[in-house]
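Fold and geometry: a report
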Amino acid sequence: QVQLVESGGGMVQSGGSLRLSCAADGRTFSNYAMGWFRQAPGKRREFVAAVNPSGSMTYYGDPVKGRFTISRDNAKNTLYLQMNSLKPDDTAVYYCNADLYNVPSTLLPGAYWGQGTQVTVSS
């Protein structure tokens, strides 16, 4: 089991940047595949990005490819999401996600979730 806490959300104008962080408890963080999902009001939960335990492989949802970068620092037990060229459609609550066995994906999210952090992008 792992506890996840997101931070770094806020309000930014279109074209701006934010970096989200997800702090994980425990010394087994490096065993977890990690991901980010987002959900806007009235919309389905959407896959954003994922990374394998070592950080060597990354995956992105089509809407964020070329703009967002997922990374991790296993020494700090922290997952990051660098978000550049933000658009109003990126407005959502962003959730950190973790799993011991599978890299999170649209159909198979990880077993553990953070509380979420709000990202708002204005026109």
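Here the residue numbers are simple positions, counted from 1 along each chain's written sequence. Only residues with pLDDT of at least 70 get local features here, since the model is predicted, and only at 80 or more are side-chain atom pairs given and counted; chain-wide, interface and lining totals rely on the full set of residues. Note: side-chain values were computed over all heavy atoms of the structure, leaving out hydrogens and water.

**Description of the pairing of strand E7 (residues 68-73)**
Under the scheme applied here, a residue whose accessible area is under 20% of the maximum for its type counts as buried, over 50% as exposed, and between as partly exposed, the area being computed with a 1.4 Å probe on protein chains only. Put simply, DSSP H or I for four residues or longer makes a helix, DSSP E for two residues or longer makes a strand, and each gets a number counted from the N terminus. Judged by which residues are buried, E7 turns out to be one-sided: Phe68, Ile70 and Arg72 face inward and are buried, whereas Thr69, Ser71 and Asp73, on the alternate face, are not. The criterion for strand pairing is that DSSP finds at least two bridges linking the strands in question. As paired elements, E7 and strand E8 (residues 78-83) share six bridges and run antiparallel to each other. Paired with Thr69 across the bridge in E8 is Gln82.

**Comments concerning the environment of Leu4**
Tracing the sequence through the fold places Leu4 in strand E1 (residues 4-7). Its relative accessible area of 7% is what places Leu4 among the buried residues. A C-alpha to C-alpha distance of 15 Å links Leu4 and Gln118, two positions 114 residues apart in sequence. Any two residues whose heavy atoms approach within 4.5 Å are treated as being in contact. Apart from residues no more than four positions distant in its own chain, Leu4 is found in contact with Cys22, Ala23, Ala24, Met34, Cys96, Asn97, Ala98, Tyr112, Trp113, Gly114 and Gln115.

**A word on the state of the cysteines**
Put simply, a disulfide is two cysteine sulfurs that come within 2.5 Å. Overall, the coordinates contain one disulfide when judged by the stated rule. The disulfide partner of Cys22 is Cys96, and the gap between their sulfur atoms is 2.0 Å. Residues Cys22 and Cys96 share a disulfide whose torsion about the S-S bond is about -80°; that sign makes it left-handed. Placement of the pair is Cys22 in strand E3 (residues 18-24) and Cys96 in strand E9 (residues 92-99), with a sequence separation of 74 residues. Its relative accessible area of 0% is what places Cys22 among the buried residues.

**Details of the packing of aromatic side chains**
For any pair of aromatic rings, geometry is given as the distance between the ring centres together with the angle between the planes. Note on aromatic contacts: the rings of Phe and Tyr and the six-membered ring of Trp form a pair at centre separations within 6.5 Å, being stacked when their planes are under 30 degrees apart, edge-to-face when over 60 apart, and tilted otherwise. A full pass over the atoms with the stated rule returns four aromatic pairs. Here the aromatic cluster, defined as three or more aromatic residues joined through ring pairs, consists of Phe37, Phe47, Tyr95 and Trp113. We call a charge positioned over a ring when the NZ of a Lys or the CZ of an Arg lies within 6 Å of the ring centre and within 35 degrees of the ring normal. Sitting over the face of the ring of Phe37, Arg45 holds its NZ or CZ atom 5.7 Å from the ring centroid. Directly above the aromatic system of Phe29 lies the positively charged group of Arg72, at a separation of 4.5 Å from the ring centroid.

**Here we look at the side chain of Arg38**
Of note, Arg38 is situated in strand E4 (residues 33-39). The buried category is assigned to Arg38, whose relative accessible area is 5%. Polar contacts, as counted here, are pairs of nitrogen or oxygen atoms within 3.5 Å of one another; within protein the pair requires one atom able to donate a hydrogen and one able to accept it, and residues that are adjacent in sequence qualify only if both atoms are side-chain atoms. Looking at Arg38, its side chain comes within polar contact range of the side chain of Glu46, at 2.6 Å. Side-chain polar atoms of Arg38 contact the side chain of Asp90, separated by 2.8 Å. When sequence neighbours within four positions are dropped, the list of residues in contact with Arg38 reads Arg44, Arg45, Glu46, Val48, Pro63, Val64, Phe68, Asp89, Asp90, Ala92, Val93 and Tyr94.

None of the figures reported here should be taken as evidence of function without further support.
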